[in-house]
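Spelled out from the first residue to the last, the chains are:
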Amino acid sequence: MSEQTITKPRPQVVPVTWAPSQTGPCARCHQQTCRYGHGGNPLCKPCQQARQEQLART
């Protein structure tokens, strides 16, 4: 048998379109995202989508 290593795909870099003061780490993957202020969210867009899919399955 051969050993296979499973690697997590790295999050894609998202161009920053918000003020630096609104930047913070995603609560799930720690990628920089708009965390504070107008439109802020503790999750980045890919993690928001994954969370929505997870909730839809339950």
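Residues numbered from 1 in each chain as written. Predicted model: local features only at pLDDT ≥ 70, side-chain atom pairs only at ≥ 80, totals over all residues. Heavy atoms only, no water.

Looking only at helices and strands, one finds one helix and two strands in the protein. When the helices and strands of the protein are placed in sequence order, the string is β-β-α. Within the protein, the proportion of its 58 residues that are buried is 16%. A separation of at least 24 residues holds for 0% of the contacts in the protein among residues at least 6 apart in sequence. Total accessible area on the protein stands at roughly 5300 Å², and carbon and sulfur atoms take up 54% of it. (Helix = DSSP H or I, 4+ residues; strand = E, 2+ residues; numbered from the N terminus. Buried < 20%, exposed > 50% of the residue type's maximum accessible area, 1.4 Å probe, protein only. Contact = heavy atoms within 4.5 Å. Areas by Shrake-Rupley, 256 points an atom, 1.4 Å probe, with all protein chains shown as cover.)

By volume, the second largest pocket amounts to about 180 Å³. Forming the boundary of the second largest pocket are 13 residues, of which Trp 18, Thr 33, Cys 34, Cys 44 and Lys 45 lie nearest the centre. Put simply, the parts of the chain that give the lining of the second largest pocket at least two residues each are strand E2 (32-34) and helix H1 (45-57). Its residues placed into classes, the lining of the second largest pocket shows six nonpolar, six polar and one charged. (1 Å grid on protein atoms, 1.4 Å probe; cavity = no way out; pocket = protein on both sides within 12 Å on 5 of 7 lines; lining within 4 Å. Points joined across faces, edges and corners; volume = space filled by probe spheres on them. Nonpolar A, V, L, I, M, F, W, Y, C, P; charged D, E, K, R; others polar.)

Quick look at unusual backbone geometry now. Most peptide bonds adopt trans geometry, and most residues besides glycine take a negative phi value. Phi angles above zero are rare outside glycine, and His 30 is one such case at about 70°. Residue placement: His 30 occurs in the loop between strand E1 (23-25) and E2. Given the relative accessible area of 57%, His 30 is considered exposed.

Quick look at the environment of His 38 now. Tracing the backbone shows His 38 in the loop between E2 and H1. Owing to a relative accessible area of 78%, His 38 belongs among the exposed residues under this scheme. For the pair formed by His 38 and Trp 18, sequence separation is 20 residues and the distance between their alpha carbons is 9.4 Å.

Turning to its location among the elements, Cys 44 is positioned in the loop between E2 and H1. Separated by eleven residues in sequence, Cys 44 and Thr 33 place their C-alpha atoms 5.5 Å apart. Contacts of Cys 44, omitting those with residues within four sequence positions, involve Cys 26, Cys 29 and Thr 33.

Just distances and angles here, no functional claims.
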